[in-house]
Amino acid sequence: MEGSWPIILEGVDCGRVTARREGAYTVFTAEATYAGDLVRISLYGSGREGYLGILAPDGSGDGILRLRRRFTRSELAGFPGEPE
């Protein structure tokens, strides 16, 4: 799975999540500008949900919430094939 999708929080497009292959892993990175609390994010499609993790400040003080996670092929088995 590779691609880039919008992060939509409370109906507002406020960032992007990107997936790319790195060897045996698929790495997801996400960045969003959001003034609310910490946020759990998932990919959705074809009636399935793929939980990515929690967007959180990384200590840089720039106000951007970030996430970086890597998954094996077997961990991605339950994810949507074509996220919407």
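All of the points below concern the structure found in this document.

## Digging into the pairing of strand S6 (residues 64-71)
Step number 1: Where strand S3 (residues 25-33) meets S6, 8 bridges bridge the pair, whose relative direction is antiparallel. When the sheet's bridge partners are listed, Glu31 is paired in S6 with Arg66.
Step number 2: Here strand S5 (residues 48-57) runs beside S6; their pairing, made up of 2 bridges, is antiparallel. By the bridge assignment, Pro57 is partnered in S6 with Leu65.
Step number 3: Between S5 and S6, which pair antiparallel and follow one another directly, the connecting turn spans 6 residues, one of which, Gly59, has a positive phi of 90°.

## Here's the deal with the environment of Arg73
Step number 1: The residue Arg73 is located in the segment after S6 in this model.
Step number 2: Distance from Arg73 to Gly63, taken between C-alpha atoms, is 32 Å for residues 10 residues apart in sequence.

## Quick look at the side chain of Thr26
Step number 1: Inspection of the secondary structure assignment puts Thr26 in strand S3.
Step number 2: Relative accessible area serves as the criterion here: at 0%, Thr26 is assigned to the buried category.
Step number 3: Ignoring any residue separated from it by four or fewer positions in sequence, one finds Thr26 in contact with Met1, Ala19, Arg20, Arg21, Arg69, Arg70, Phe71 and Leu76.

## Concerning the pattern of salt bridges
Step number 1: Here the structure, examined in full by the defined rule, presents 4 salt bridges.
Step number 2: We note a salt bridge from Glu22 to Arg20, for which the minimum N-O separation is 2.6 Å.
Step number 3: Using a relative accessible area of 34% as the deciding quantity, one classes Glu22 as partly exposed.
Step number 4: Across the pair Asp62 and Arg66 runs a salt bridge whose closest N-O atoms are separated by 2.8 Å.
Step number 5: Salt bridges linked by common partners bring Arg20, Glu22 and Arg68 together as one network.

## Quick word on a nonpolar patch on the surface
Step number 1: Side chains of Leu38, Tyr51 and Ile54 sit close together on the surface and give an oily, nonpolar patch of about 280 Å² of accessible area.
Step number 2: Looking at the element boundaries, Tyr51 is found in strand S5.
Step number 3: On the accessibility criterion, Tyr51 (36% relative accessible area) is partly exposed.

## What about the sheet that holds S3?
Step number 1: Pairing is antiparallel across the open sheet formed by 6 strands, whose spatial order is S1-S2-S3-S6-S5-S4. Each edge of the open sheet is held by one strand with a lone partner, namely strand S1 (3-9) and strand S4 (39-45). If you compare each strand with its neighbour and ignore which way they point, the axes differ by 25° on average.

So, how was this worked out
Residues numbered from 1 in each chain as written. Predicted model: local features only at pLDDT ≥ 70, side-chain atom pairs only at ≥ 80, totals over all residues. Heavy atoms only, no water. Pairing = 2+ DSSP bridges. Helix = DSSP H or I, 4+ residues; strand = E, 2+ residues; numbered from the N terminus. Buried < 20%, exposed > 50% of the residue type's maximum accessible area, 1.4 Å probe, protein only. Contact = heavy atoms within 4.5 Å. Salt bridge = Lys/Arg side-chain N within 4 Å of Asp/Glu carboxyl O. Patch = residues over 30% accessible without salt bridge, like charges linked within 9 Å, V, L, I, M, F, W, Y side chains within 5 Å. Areas by Shrake-Rupley, 256 points an atom, 1.4 Å probe, with all protein chains shown as cover. Axes fitted to C-alpha atoms, helices over the stretch in contact; angles between N-to-C directions.

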